[in-house]
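Working through the structure, step by step
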Amino acid sequence: MGISMNLVTYLDKELHLSSSKSANTVTNFMGALNILALFGGFLADTKLGRYLTIAIFASICAVGVTLLTLATSIPSMKPPHCDKTKTQQCIEASGSQLALLYVALYTIALGGGGIKSNVSGLGSDQFDASNPKEEKAMVYFFNRFYFCVSLGSVFAVTVLVYIQDDVGRGLGYGISAGTMIIAVIVLVCGTRMYRFKKPQGSPLTVIWRVVFLAIKNRKHPYPANPGFLNGYSNSKVPHTAKFRPLDKAAILLDYANSDENRNNPWIVSTVTEVEEVKMVISLIPIWSTCIPFWTVYSQMNTFTMEQAAIMNRKVGTFSIPGGSFSIFLFISILLFTSLNERVIVRLARKITHDPKGLRSLQRIGIGLVLSVIGMVASAIVEKKRRETHINELKKISAFWLVPQFFLVGAGEAFAYVGQLEFFIREAPERMKSMSTGLFLSSLAMGYFMSSVLVSLTDMATNGSWLTNDLDMGKLENFYWLLAILGVINFLGFLVLASRHRYKMQNYISKNEGVENWNKTSIEKVDDIEVNKAAVGGKEEA
């Protein structure tokens, strides 16, 4: 966080890159970091396990931050000093000067991807889902996990940003490198205390096999009863009627009916495997509606930082670093993360009579609404800032940016926790790390979507909206564009969320002799333990 929040000002002020290029460099870096989480999740689920993956990739991340420290400390890695505010013709950093910086950033992205996709999963592994007390405690884990992440972010945008701006980039990034090394040591020191889950093979291979066999058997008729599908009676996951064409992957054809062929996954899939693939497919629609939220959030790292840099940041005689204004973003996150656990969830329980209070999709929906309001506030403030600066020749206070930080931060407190819980709890057991990677890839796509929108807006307006000098542009129009796209996305989310059926709603308790639970009755027993006996003695349930 200490890198991404203030990187745009380094690219703009010291490397003399254009506003749009600086913004896209940051969003591409953050996008790569989050898309590489899919790779980290794949490795953990397939071969290494979550703990070993974190240990290796955290070490890679430490190397990357060390390289970044060197890239920003060596004088030859920067162009000649130039003050853009005095309309001097500044020399942009050359490709060779940017090379080490880019190597450092994408090494950090690789390491960070391996950490982000697994650390929350490793945390949830420490809870035994078959123990009612531990299962209930896991609900609070995600909130507290993100609270700690935000606490670290507060330190980054206050202490680290101040050191980077007023003391030196090398020292600021050097502290980040040292912190990363300490983090690896702390992780390893706790090894004896952890609960470990062994990797259960490549989830992508399972997905590919099921799709392949479903296509191969597409011309064969469905069995008269789903009970005739391979592995129906001892399936770890209850059979569902959705995405029915995939059931053909589990059809027991004549040549697949022998015991040897029945156990060959390339000849016939099991109901468990088919249902796991259905679960993953069910996540995709919600995943797509999460992307615009992170497109909005990425503006807090880019154009909002540039706005803060040219506004009045003085409090008495002290000038607050522009990057430190994101402290209001994290104060908002910390505030609403705490309120979620202590007030909002308890209040929601009384209103809805749902033990969870707010379900994951409801959290996401609230986050989407707040992000739209945040962009509306951003557009109004930017129009006010530009008109005041041009007409009255004075800078308005940077504290005008607080509402947009507050609104987007509150949105993140709901959306991030909701998305994290949704993708981990709704994923198949053996695909948790990959599912976390899928969630983080929505962040990646949000950042990449921001880069694409910036480039398209630049082309469509001939650079009149997003200029190097924000006073001469119309940044507020770009914010209005994001707000409109956010409203359209929220309407789509409402449709998809209303159709989604939670994984818990699909379980049927055979022990109590209940053959067909309807949706309403299943929702009411969401907190009841689904133990080994309830689903064929399978501990994974």
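The rules we used
- Residues numbered from 1 in each chain as written.
- Predicted model: local features only at pLDDT ≥ 70, side-chain atom pairs only at ≥ 80, totals over all residues.
- Heavy atoms only, no water.
- Helix = DSSP H or I, 4+ residues; strand = E, 2+ residues; numbered from the N terminus.
- Contact = heavy atoms within 4.5 Å.
- Areas by Shrake-Rupley, 256 points an atom, 1.4 Å probe, with all protein chains shown as cover.
- Salt bridge = Lys/Arg side-chain N within 4 Å of Asp/Glu carboxyl O.
- Buried < 20%, exposed > 50% of the residue type's maximum accessible area, 1.4 Å probe, protein only.
- pLDDT = per-residue confidence, 0-100.
- Axes fitted to C-alpha atoms, helices over the stretch in contact; angles between N-to-C directions.
- Parallel < 35°, antiparallel > 145°, perpendicular 65-115°, else oblique.
- Nonpolar A, V, L, I, M, F, W, Y, C, P; charged D, E, K, R; others polar.
- Phe/Tyr/Trp six-rings, centres within 6.5 Å; stacked < 30°, edge-to-face > 60°.
- Lys NZ or Arg CZ within 6 Å of the ring centre and 35° of its normal.
- Core = buried A, V, L, I, M, F, W, Y, C linked by side-chain atoms within 4.5 Å.
- Expected span 1.5 Å × (residues − 1).

This next bit is on the overall build of the protein. For the protein, the count of helices and strands is 17 helices and two strands. For the protein, the share of sequence-separated contacts (at least 6 apart) that also reach a separation of at least 24 residues comes to 79%. Accessible surface, the protein: about 24000 Å² in total, of which carbon and sulfur atoms supply 64%.

Tallied over the full model, the rule gives 13 salt bridges. K78 is the partner of E14 in a salt bridge, and the nearest nitrogen-oxygen pair spans 3.8 Å. Placement of E14 in the loop between helix 1 (4-13) and helix 2 (19-48) and of K78 in the loop between helix 3 (50-73) and helix 4 (95-116) is noted, with a sequence separation of 64 residues between them. Under the relative-accessibility criterion, E14 is labelled partly exposed at 28%. One salt-bridge network, held together by shared partners, links D247, E275 and K278.

With that out of the way, let us pick up unusual backbone geometry. In this structure, H16 takes a positive phi of about 60° despite not being glycine. Tracing the chain through its elements places H16 in the loop between helix 1 and helix 2. Even without glycine at this site, F243 takes up a positive phi of about 45°. By the secondary structure assignment, F243 is in the loop between helix 8 (203-216) and helix 9 (259-262). Look at F243 and you get partly exposed, because its relative accessible area is 36%.

Mean pLDDT over the protein works out to 80, with 88% of the residues at or above the 70 mark. Across the protein, helix 16 (residues 475-499) holds the top mean pLDDT of 92, while helix 17 (residues 519-524) sits lowest at 36. Note on residues 508-541: pLDDT under 50 across the span, and 41 contacts to partners over four residues away in sequence or across chains.

Looking at the secondary structure, you find N34 in helix 2. Judged by relative accessible area, which is 1%, N34 ranks as buried. Setting aside its immediate chain neighbours within four residues, N34 contacts K116, G437, L440, S441, L443, A444 and Y447.

Another aspect to go through is the packing of helix 8 against helix 10 (residues 271-298). At their nearest, the axes of helix 8 and helix 10 sit 9 Å apart, and the two run at 105° to each other. As summarised for this structure, helix 8 and helix 10 are arranged roughly perpendicular, according to the angle between their axes. Within the contact between the two elements, helix 8 uses V206, I207, R209 and V210 and helix 10 uses E273, V274, V277 and V280. Across the contact of helix 8 with helix 10, the residue classes break down as six nonpolar, no polar and two charged.

On inspection of all chains with the given rule, the structure shows 21 aromatic pairs. Judged by centre distance (6.2 Å) and plane angle (55°), the ring pair of F336 and F414 falls under tilted. In this pair, F336 sits in helix 12 (residues 327-352) while F414 sits in helix 14 (residues 402-425), placing the two residues 78 residues apart along the sequence. Here the aromatic residues F293, W294, Y297, Y416, F422, F423 and F439 are joined through ring pairs into a cluster of three or more. The lysine or arginine in question, R244, covers the ring of Y222, its NZ or CZ lying 3.8 Å from the ring centre. Above the plane of the ring of Y222 lies K248, whose end atom (NZ or CZ) is 4.8 Å from the centre.

Glancing now at the nonpolar core. By size, the foremost hydrophobic cluster in this structure holds 98 residues, and its most contacted members are L101, Y297 and L329. Membership of the second largest hydrophobic core comes to 17 residues, among which are A214, L229, A249 and V274.

Let us now look at the packing of helix 6 (residues 132-166) against helix 7 (residues 169-189). As a packed pair, helix 6 and helix 7 sit with axes 6 Å apart at the nearest point and diverge in direction by 150°. Our classification of the angle between helix 6 and helix 7 gives roughly antiparallel. Across the interface between the two elements, L160, I163, Q164 and D165 from helix 6 touch R169, L171, G172, Y173, I175 and S176 from helix 7. Here the contact of helix 6 with helix 7 is composed, by residue class, of five nonpolar, three polar and two charged.

Take helix 7 next. With 21 residues, helix 7 ought to run about 30 Å at 1.5 Å a step, and its terminal C-alpha atoms sit 30 Å apart, in line with that. For helix 7, the secondary structure elements touched by its buried residues are helix 1, helix 3, helix 4 and helix 6.

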